[in-house]
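Descriptive analysis of the structure
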Amino acid sequence: MSLAASPIRFPDTSSRPVMTRRAWWLVVLNVLIPGSVQVLAGDRKLGRFGLGATLVLWTLVVVAIVVSILWPTVLYTLASTTITLWLAALVLLFYAVLWVVLTLDTLRLIRLVKTAPQARGWLAVLSIAVVGLLAGGSVWGSYLAITTSGFLSSVFVAGPSEPPVDGKYNILLLGGDAGPDREGMRPDSMSVVSIDAETGQAVMIGLPRDLEDVPFPADSPLAAVYPEGYGAIDGCDVDVCLLNSIYTEVELKSPEMYPNAVAEGSEPGIEGMRDAAEGITGLTIQYYVLIDMYGFESLIDALGGVDINVETRIPIGGDENNDGVDGWIEPGQQHLTGYYALWYGRARYGVAGGDYERMARQRILQEAVLRQFTPANVLTKFQDVANAGADVVKTDVPQGMLGYFVNLALKTKELPITNVELVPANGVDPMDPDWDYIRSLIEPAVYPPTPEPTEGEG
């Protein structure tokens, strides 16, 4: 104790070796246990405050680690709540200021002019580096929390959560293509993802854009207008009565069909597409996610591009005769920027298989983008990703469900995704679809039969 009381608090200021050793001890203690320097050598009141704050921080970190291991959904939910994020930002700013104050006070207490000349620069550099790392990291974390809060509030709605239906969450995915040559938006990519609420096992059902005579649930306002299916008898109120034109008809010409859509974080056109997806699949769709394909380009660029094994030569631009092609995406393993990735997913002219081959490429692109959404990739490029994402995604998933879905998505990434494509190769005729047959493809994929126990098993 005398060693702590004499050389640390009451050092021999005339001895450079003593003052140098003391300085190094104080700098290291300030790094390892902020506040301890002041308790040993300075203002004990400030030191006790600093030590208390350090102990609280360590406790919070330990609790977060334990919760992330035992109850990850709780941690993800807290991390995606606006109030929690703002509170975290304020706490991090507090620690940034505290570390600056404690480090500057430590520099005062070590009395650089009394230390060995060759040590002064190293002591100052280490102290400044530490305060830069700790305080700078806290300020960056605070900024990240505020940015995350703004991003989540701009994308996700505040509303009640929906329970799973028969153990499944069914989500409608729409890839919107509101080009300058179109009146309104027509979804060019449509699918339903059915996710097991416990295991995360996912089934992706691809819906071709050119399905005809689409049925609607009995309680849908569209069913009253098209009781035999979309355009089956008298035609529809657009040029072509296909699945992807339902959005345009409802959104632009009959929005009164869904008067509460906007208030619930949706759009009339999206609600029409939801009813269509339910009629096709026989599944209850709890949520939707709409992705703007033009904004998708900036999101991919923000993530640093995607790696895709291109199987066939893909034209950029052009028509069915390859007139006006601006370039090609060549076969082989390619790292695609947003511009080329967008054309990889959108091109349908000049490619064998047309729309159906394009559907397969869109699935490949979706999985490639999901692989890019790693914590390290998103954190290092968070501002760009957040800016792009706010312009790309529209959804009615409530913010309060994010923690649950993040945890579920982590399970999903570890499992193979089952794909059910409603295309001619699987026996589906889009011009004359057999809805009973279509549901016979979907039902066993979403609800696989339980294997019968083999003889001898209990």
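Residue numbering note: each chain is counted from 1, following its sequence as written. The predicted nature of this model means local features are confined to residues of pLDDT at least 70 and side-chain atom pairs, given and counted, to a pLDDT of 80 or more, with totals for whole chains, interfaces and linings taken over all residues. Side-chain metrics in this entry use all non-hydrogen atoms of the structure; hydrogen atoms and water are not considered.

1. Re the environment of Tyr447
Helix numbering and strand numbering both begin at the N terminus, where a helix is a DSSP run of H or I of at least 4 residues and a strand a DSSP run of E of at least 2. Here Tyr447 shows up in the segment after helix H17 (435-446). Between the C-alpha atom of Tyr447 and that of Val203, which follows or precedes it by 244 residues, the distance is 9.7 Å. Residues in contact with Tyr447, not counting those within four places in the same chain, are Val165, Asp166, Lys168 and Leu283. Any two residues whose heavy atoms approach within 4.5 Å are treated as being in contact.

2. Comments concerning H17
In this model, H17 (12 residues) spans 16 Å end to end at C-alpha, consistent with the 16 Å of a helix rising 1.5 Å per residue. The N-terminus of H17 is capped by Asp434, whose side-chain oxygen sits 3.2 Å from the backbone nitrogen of Asp436. One fewer than the residue count of a helix, multiplied by 1.5 Å, yields its expected span. Counting of polar contacts relies on pairs of N or O atoms within 3.5 Å, with two restrictions inside protein: one atom must be capable of donating a hydrogen and the other of accepting it, and residues adjacent in sequence are counted only when both atoms are side-chain atoms.

3. Brief notes about empty space enclosed by the protein
Method remark: on a 1 Å grid restricted to protein atoms, a set of points is classed as a cavity if a 1.4 Å probe fits but cannot get out and as a pocket if it is open with protein on both sides within 12 Å along at least five of seven lines; lining residues have an atom within 4 Å of a point. Grid points are joined across faces, edges and corners, and a volume is the space filled by probe spheres set on the points. By the definition in use, this model includes one cavity of 30 Å³ or more. The space that makes up the largest cavity amounts to roughly 60 Å³. In terms of lining, the largest cavity is formed by Asp188, Ser189, Met190, Leu207, Pro208, Arg209, Asp355, Arg358, Met359, Gln362 and Arg363. Every element with two or more residues in the lining of the largest cavity is listed here: strand S2 (186-196) and helix H13 (354-372). Each residue gets one of three labels, nonpolar for Ala, Val, Leu, Ile, Met, Phe, Trp, Tyr, Cys and Pro, charged for Asp, Glu, Lys and Arg, and polar for the others, Gly among them. The residue inventory of the lining of the largest cavity, partitioned by class, reads four nonpolar, two polar and five charged.

4. Focus on a nonpolar patch on the surface
Together, Val61, Val62, Ile65, Val66, Ile69, Leu70, Trp71, Val74 and Leu78 make up an exposed nonpolar region whose accessible area comes to about 840 Å². Per-element accounting of the nonpolar patch gives the leading share, six residues, to helix H4 (residues 44-70). Along the chain, Ile65 turns up in helix H4. Patch building starts from residues that exceed 30% relative accessible area and form no salt bridge, then joins like charges within 9 Å and nonpolar side chains (Val, Leu, Ile, Met, Phe, Trp, Tyr) within 5 Å. With residues, only the protein chains shown are counted as cover, and all accessible areas are computed by Shrake-Rupley using a 1.4 Å probe. Here, a salt bridge means any side-chain nitrogen of Lys or Arg that lies within 4 Å of a carboxyl oxygen of Asp or Glu.

5. Considering the confidence of the model for the chain
For every residue, the predictor assigns a confidence score, pLDDT, that lies between 0 and 100. Per-residue confidence for the chain gives a mean pLDDT of 86; residues scoring 70 or more make up 86%. Of the regions scoring below 50 in pLDDT, residues 1-5 engages in four contacts with residues more than four places distant in sequence or in other chains.

6. A closer look at a negative patch on the surface
His is not counted here, nor are the chain ends, while Lys and Arg score as positive and Asp and Glu score as negative. A single reference atom marks each charge: NZ on Lys, CZ on Arg, CG on Asp, CD on Glu. Where like charges cluster on the molecular surface, the negative patch consists of Asp429, Asp432, Asp434 and Asp436. With respect to the element layout, Asp432 can be found in the loop between strand S10 (418-421) and H17.

7. A few points about the nonpolar core
Throughout, nonpolar core names a set of buried Ala, Val, Leu, Ile, Met, Phe, Trp, Tyr and Cys residues whose side chains join them through atoms within 4.5 Å. When a residue's accessible area, from a 1.4 Å probe over protein chains only, is under 20% of the maximum for its type it is buried; when over 50% it is exposed; and in between it is partly exposed. Membership of the largest hydrophobic core comes to 39 residues, with the highest contact counts inside it found for Ile205, Leu207, Val214, Leu243, Ile246 and Ile280. Going through the elements one at a time, strand S1 (168-177), S2, strand S3 (202-206), helix H8 (221-225), helix H9 (246-253), helix H10 (268-281), strand S4 (287-292) and H17 are the ones with two or more residues in this core. Once residues within four sequence positions are removed from consideration, Leu207 is found in contact with Met190, Ser191, Val192, Leu243, Ala277, Ile280, Thr281, Met359, Arg363 and Leu422. Counting residues in hydrophobic clusters, the runner-up holds 21 residues, among them Leu173, Ile195, Met204 and Leu402.

8. Things to note about the side chain of Asp275
With respect to the helices and strands, Asp275 occurs in helix H10. One buried charge, Asp275, has no salt-bridge partner; the nearest side chain with opposite charge is Arg274, at 5.9 Å. Setting aside residues no more than four positions away along its own chain, Asp275 makes contact with Pro215, Phe216, Pro217, Ser220, Pro221 and Tyr258.

9. Quick word on the pattern of salt bridges
Under the definition given, this model contains six salt bridges. A salt bridge links Arg274 to Asp396; the shortest N-O distance between them is 2.8 Å. Taken together, the residues Arg274 in helix H10 and Asp396 in the loop between strand S9 (393-395) and helix H16 (402-413) connect sequence positions 122 residues apart. Its relative accessible area of 8% is what places Arg274 among the buried residues. In this structure Asp396 comes out as buried when scored by relative accessible area, which is 10%.

10. Here's the deal with the packing of helix H2 (residues 16-32) against helix H6 (residues 82-110)
Relative orientation and spacing of two packed helices are given, respectively, by the angle between their axes and the distance between those axes. Look at H2 against H6: their axes get within 9 Å of each other, and the N-to-C directions meet at 170°. As judged from the angle between their axes, H2 and H6 are roughly antiparallel. Mapping the contact onto sequence places Met19, Arg22, Ala23, Leu26, Val27 and Asn30 in H2 and Leu102, Thr103, Thr106, Leu109 and Ile110 in H6. Residue classes in the contact of H2 with H6 are distributed as seven nonpolar, three polar and one charged. Throughout, an axis means a line fitted to C-alpha atoms (over the contacting stretch in the case of helices), and angles, computed between N-to-C directions, take values from 0 to 180 degrees. For classification, angles of less than 35 degrees are called roughly parallel, those exceeding 145 degrees roughly antiparallel, those between 65 and 115 degrees roughly perpendicular, and all remaining angles oblique.

11. Re the packing of H4 against H6
Remark: H4 packs on H6, axes separated minimally by 11 Å, with the N-to-C direction vectors making an angle of 140°. Judged by the angle between their axes, H4 and H6 are oblique. In the packing of H4 onto H6, the handedness of the crossing is left-handed. Of the residues in H6, those touching H4 at Leu46, Phe49, Gly50, Ala53, Val56 and Leu57 are Phe94, Tyr95, Leu98, Trp99, Leu102 and Asp105. Broken down by class, the residue content of the contact of H4 with H6 amounts to 10 nonpolar, one polar and one charged. Crossing handedness is read from the near helix: turned anticlockwise from the far helix by less than a right angle, it gives a left-handed crossing, and turned clockwise, a right-handed one.

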